[in-house]
Amino acid sequence: MKRIHIYIITILGLLISCKKETSVKTNNALENKVSELLTKMTLEEKIGQLNLRGTSSRVKGSLPEELKQAVREGKVGAFLNVMNKQYVDELQQIATTESPNKIPLIFARDVIHGFKTIFPIPLGMAASWDADVAKSSSRVAAIEASSFGVRWTFAPMLDIARDARWGRIAESPGEDPYLASILGKAYVEGFQGDSLNDPTSLIACAKHFIGYGAAIGGRDYNTAIINKELLQNVYLPPFKAAFKAGSQTVMTAFNEMNGIPASGDKYLLQDILRKQIGFDGFVVSDWNSVTEMIPHGFAKDEKHAAKIGINAGLNMEMTSQSYEKYVKELLQEGKITENQINSLVADILRVKFRMGLFENSKRAQDDSGKLYTENHLQLAKEAAIKSSVLLKNEGNLLPLNKNKKIVIIGPLANKPREQLGTWTFDGDKTHTKTPVTTFQQNNVDFTFVEGLTFSRDIAENQFQKAINAAKQSDFIIFIGGEEAILSGEAHSRANINLPGKQEKLIKELAKIGKPIVLVIMAGRPITITNIIKDVDAVLMTWHPGTMGGPAIYDMIFGNEEPQGRLPVTWPKVAGQLPLFYNHKNTGRPASSKEFVHINDIPIGAWQSSLGNTSHYLDAGFTPHFPFGYGLGYTTFEYTNLTLSSNVLTNANTLKISVDIKNTGNRKGNEIVQLYVQDVVGSITRPVKELKKFKKISLEAGEQQTVTFELEVNDLKYYNNKMEYGVEQGDFNIWIGKNAANGLKETFKYE
């Protein structure tokens, strides 16, 4: 039977929505304020609003007089990394009382996963699969940072990441657009709070627009090649969710996409961002990314770069000064227009009015009780527990018996700075609670031997001391991973094993025969194929933040159970990357029946295709751990998957239910995951896509029926003609514990 297309052609809808948006803008009081102010501003002042000044860390020493004069003349719109409260107050005072039109400044800072109280890295918080964790973490960050005058953060980072070699996967929400969208919305709501003009509100900045996580080879800043349907179906949804939640700003990516650097891509910034999505905040470049169009080979010099940026619709230039130097000249030469400048400035002023800065630009003077409060620390600890993923627990080793003799070994067991992770400029290591200090405070009978002094250490001089201590103990807890500096921006790795001599030390300890718990702190999935058989339990805590020690203590001894599930597919070896669950099938999908391992090929075998499927001879076709995977301290049984109908139409909603029973002997938490496959499409569709999930908690022996509702909108996608809709045909549906496991049913869409 011929498939019937019911795609909704988007172009007409886009035009209508744009017209409606324009109408709303031009008729409200806010737009009148913006227009009135624009008429009073000189060209120099307008150019000033397009200028984000800053340094790589913070202004040191006294404020330069020339900087103050630039503010006095209205030549700066925002500042980055001014962390001295007195400087913030002074600069804002100059702007609002001495500049020609008294336009307030915005002070910005990279507040990524906490300001003073540091939460788990964003990839870790994504492992919580919990919008409340994302929202509470960003609300705490906003409260703390705003006391320093910060009112703008360059977060959330919403780059879909499918390659663990990429250093900035640590900041990402993972590989799935649905999960990332839920988290993106929550982050924005937390940062911005209930009202933008609240003194504790930080305007959010969805970044990086777009495709930064698709860099070739996982190498930072590198080229991304993304076709239009992939852009719409995978990379754009988290940004759309953030904008729908009210994110006031968006940052362009460092990379080029399909040959055009993001900071100069008119298609992205106007056709997609403004016209399709309807974004009405302002766009800021990433650090120097406007002038970096020169080494990209897209601009011949700074003047050309400024022209490209203005014509693309980039509102504010971060740190580089091509706008400041050349906009006036470009205007005089007719290469840009005054209307373009006015439009770009209006977007910035609109946000400043929404923030209430014209009415009250002063920093909140009462800072008492805002940093490291008991509530903030408790939320950080809960986030670390909900983010931690138990990957292995042979023989139910965990939780440990606290009365047994324990040895703690490893380079990250007592490293307060490293535990915080990447992008923690303002985190104070003296407030960090490490596993070692937490065990000491709780009077645990344990010995501590580092074995290695830092994660990359190759010296073996402490090995024997560690081995001797292990021999005198009942259990070994090895706490290793990566130092904070090994992930984050510009910190991609080709080999993502445990660095240094950590694997060797673990293998030496394994020879003793004592049970080993491996606790990993890292900014990415770490390949542990070489040592997985040498350890009895593996707990991934990412970089857990300020309260990582108490969280690990509670999980190790069973006061809490690890609740995280993987937000990314965990590879066996780096050579499998990029690796993601929602891939395409290919014409020859791999299967266990046809796979031939490299060691099983006979010597002198006749040349053949050895199975004729898509796989690696040495690594196979499956990951080490699938997307959505995670263990707890009990077990769950899934039964009785039931659909309310075997047909979904535009007029009905499909109700899907499953019975879940806690078959263990203690209370536990589970994340029930629903995946769908569109079996045949006008373009090939992924083998599975996450569509829904629910978190449940069950007592031992308790059973619960979990119900999901699936609508037609949940199945829609963009085809290669940029038509958005769903087609009639067959669908597979799974409910299970992860992307590789689940009960299966089918239904039709008619």
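Predicted model only: the values in this text are computed from it and were never measured.

Thresholds, definitions, all that
- Residues numbered from 1 in each chain as written.
- Predicted model: local features only at pLDDT ≥ 70, side-chain atom pairs only at ≥ 80, totals over all residues.
- Heavy atoms only, no water.
- Helix = DSSP H or I, 4+ residues; strand = E, 2+ residues; numbered from the N terminus.
- Rg over C-alpha atoms; globule rule 2.2 N^0.38 Å.
- Buried < 20%, exposed > 50% of the residue type's maximum accessible area, 1.4 Å probe, protein only.
- Areas by Shrake-Rupley, 256 points an atom, 1.4 Å probe, with all protein chains shown as cover.
- Lys, Arg positive; Asp, Glu negative; His and termini not counted.
- Charge placed at Lys NZ, Arg CZ, Asp CG, Glu CD.
- Salt bridge = Lys/Arg side-chain N within 4 Å of Asp/Glu carboxyl O.
- Polar contact = N/O pair within 3.5 Å; in protein donor to acceptor, adjacent residues only side chain to side chain.
- Phe/Tyr/Trp six-rings, centres within 6.5 Å; stacked < 30°, edge-to-face > 60°.
- Pairing = 2+ DSSP bridges.
- Axes fitted to C-alpha atoms, helices over the stretch in contact; angles between N-to-C directions.
- Contact = heavy atoms within 4.5 Å.
- pLDDT = per-residue confidence, 0-100.
- Parallel < 35°, antiparallel > 145°, perpendicular 65-115°, else oblique.
- Left-handed = near helix turned anticlockwise from the far one by under 90°.
- Nonpolar A, V, L, I, M, F, W, Y, C, P; charged D, E, K, R; others polar.
- Core = buried A, V, L, I, M, F, W, Y, C linked by side-chain atoms within 4.5 Å.

(A) Up close: the overall build of the chain. Per the secondary structure count, the chain includes 21 helices and 27 strands. For a compact globule of 750 residues, the expected C-alpha radius of gyration is about 27 Å, and the chain comes in at 27 Å, within 12% of that figure. Judged by the C-alpha coordinates and their principal axes, the chain covers about 75 × 70 × 55 Å. A buried classification covers 58% of the 750 residues belonging to the chain. Carbon and sulfur atoms make up 49% of the accessible area of the chain, which totals about 29,200 Å². Of the charged side chains in the chain, 86 are positive and 81 negative; the average position of the first set lies 1 Å away from that of the second.

(B) The pattern of salt bridges, seen in detail. A complete count under the given rule lists 44 salt bridges for this structure. Across the salt bridge formed by Lys75 and Glu73, the nearest N and O atoms sit 3.0 Å from each other. Of the charged contacts, one joins Glu302 and Lys325 as a salt bridge, the two residues approaching to 3.4 Å between their closest N and O atoms. Taken together, the positions of Glu302 in helix 13 (residues 302-312) and Lys325 in helix 14 (residues 322-332) put the pair 23 residues apart, joining distant regions of the chain.

(C) A look at the side chain of Gln276. Mapped onto the elements of the fold, Gln276 is located in helix 11 (residues 266-276). Looking at Gln276, its side chain comes within polar contact range of the side chain of Gln232, at 2.9 Å.

(D) Main features of the packing of aromatic side chains. Scanning the model with the defined rule gives 27 aromatic pairs in all. Geometrically, the ring pair formed by Trp166 and Tyr212 is edge-to-face, given 5.2 Å between the ring centres and 75° between the ring planes. Of the two residues, Trp166 sits in the loop between strand 5 (152-153) and helix 8 (177-192) while Tyr212 sits in the loop between strand 6 (205-209) and helix 9 (228-235), which places them 46 residues apart along the sequence. The exposure class of Trp166 is buried, given its relative accessible area of 0%.

(E) Seen up close, unusual backbone geometry. For the bond running from Ala155 to Pro156, omega is 5°, close enough to zero to count as cis. Along the chain, Pro156 falls in the loop between strand 5 and helix 8. Here the bond from Lys207 into His208 is cis, since omega is -5°, no more than 30 degrees from zero. With a phi angle near 55°, Asn258 is a residue other than glycine that sits in the positive phi range. Within the secondary structure layout, Asn258 lies in the loop between strand 8 (256-257) and strand 9 (260-261).

(F) Expanded view of the pairing of strand 26 (residues 729-738). Burial within strand 26 is extensive, with 8 of its 10 residues counted as buried. As judged from the 8 bridges shared by strand 26 and strand 27 (residues 741-749), these two strands associate in the antiparallel manner. Among the inter-strand pairings, Asn732 is bridged to a residue of strand 27, identified as Thr746. What sits between the antiparallel neighbours strand 26 and strand 27 is a turn of 2 residues.

(G) Local environment of the sheet that holds strand 10 (residues 282-284). With parallel pairing, the 3 strands of this open sheet are ordered in space as 6-7-10. Two strands in the sheet have a free side with no partner beyond their single neighbour: strand 6 and strand 10. Geometrically, the sheet is characterised by an average inter-axis angle of 30° between neighbouring strands, direction not taken into account. In the sheet, strand 6 pairs with strand 7 (residues 249-252) via 3 bridges, with the strands oriented parallel. Within strand 7, the position partnered with Phe209 by the bridge is Thr252. Of the strands in this sheet, strand 6 and strand 7 are in contact with helix 10 (residues 237-244), which crosses strand 6 at around 155°.

(H) Fine view of the sheet that holds strand 18 (residues 636-643). Ordered in space as 18-20-23, the 3 strands form an open sheet in which the pairing is antiparallel. Of all the strands in the sheet, just strand 18 and strand 23 (703-710) have a single pairing partner and so form its edges. Averaged over all pairs of adjacent strands, the angle between their axes in this sheet comes to 20°, without regard to strand direction. Note: strand 20 (residues 654-662) against strand 23, 8 bridges, orientation antiparallel. Bridge pairing in strand 23 places Lys661 opposite Gln703.

(I) Local environment of the confidence of the model for the chain. Model confidence for the chain is summarised by a mean pLDDT of 94, while 95% of its residues fall at 70 or above. Note that pLDDT drops below 50 for residues 1-26; the model gives that stretch 42 contacts with residues more than four away or on any other chain.

(J) Just helix 11, in detail. Where helix 11 is concerned, the buried positions are Leu268, Leu269, Ile272, Leu273, Arg274 and Gln276. Residue Asp265 occupies the N-cap position of helix 11, its side-chain oxygen lying 3.1 Å from the main-chain nitrogen of Tyr267. A positive backbone phi angle near 80° is found at Gly278, which sits one or two residues after helix 11.

(K) Just the packing of helix 16 (residues 374-387) against helix 21 (residues 548-556), in detail. Packing of helix 16 against helix 21 brings their axes to within 8 Å, and their N-to-C directions diverge by 50°. By the criterion of interaxial angle, the relationship of helix 16 to helix 21 is oblique. Seen from above, helix 16 lies across helix 21 with right-handed handedness. The residues of helix 21 that touch helix 16, namely those facing Lys381, Ala384 and Ile385, are Pro550, Ala551, Asp554 and Met555. Looking at the contact of helix 16 with helix 21, its residues break down into 5 nonpolar, no polar and 2 charged.

(L) Structural context of the packing of helix 9 against helix 10. Following both chains from N to C, one finds helix 9 and helix 10 inclined at 50°, their axes separated by 5 Å at the closest point. With respect to each other, helix 9 and helix 10 are oriented oblique. Contact residues: Leu231, Gln232, Asn233, Val234 and Tyr235 in helix 9; Pro237, Pro238, Phe239 and Lys240 in helix 10. Here the contact of helix 9 with helix 10 is built from residues that sort into 6 nonpolar, 2 polar and 1 charged.

(M) Up close: the pairing of strand 13 (residues 406-409). Side chains of strand 13 alternate between two faces, with Ile406 and Ile408 and Val407 and Ile409 buried alike. Relative to strand 14 (residues 446-449), strand 13 is paired through 4 bridges, and the arrangement is parallel. Looking at strand 14, one finds that Ile408 is bridged to Phe448.

(N) How the structure looks around the environment of Glu333. Looking at where Glu333 falls in the secondary structure, it is placed in the loop between helix 14 and helix 15 (338-354). With 19 residues separating them along the chain, Glu333 and Lys352 place their C-alpha atoms 30 Å apart. Within the structure, Glu333 has its side chain in polar contact with the side chain of Lys303 (distance 2.6 Å).

(O) Structural detail: the nonpolar core. Ranked by size, the top nonpolar core spans 109 residues in total, and within it Leu52, Trp152, Phe154, Phe209, Ile210 and Val284 carry the most contacts. Per-element accounting of this core gives the leading share, 8 residues, to helix 15. If we skip the residues at most four places from it in the chain, Leu52 touches Ala78, Phe79, Leu80, Trp152, Phe154, Val284, Met316, Glu317, Met318 and Thr319. Leu123, Trp166, Ile506 and Ala574 belong to the second-largest nonpolar core, a separate cluster that totals 51 residues.

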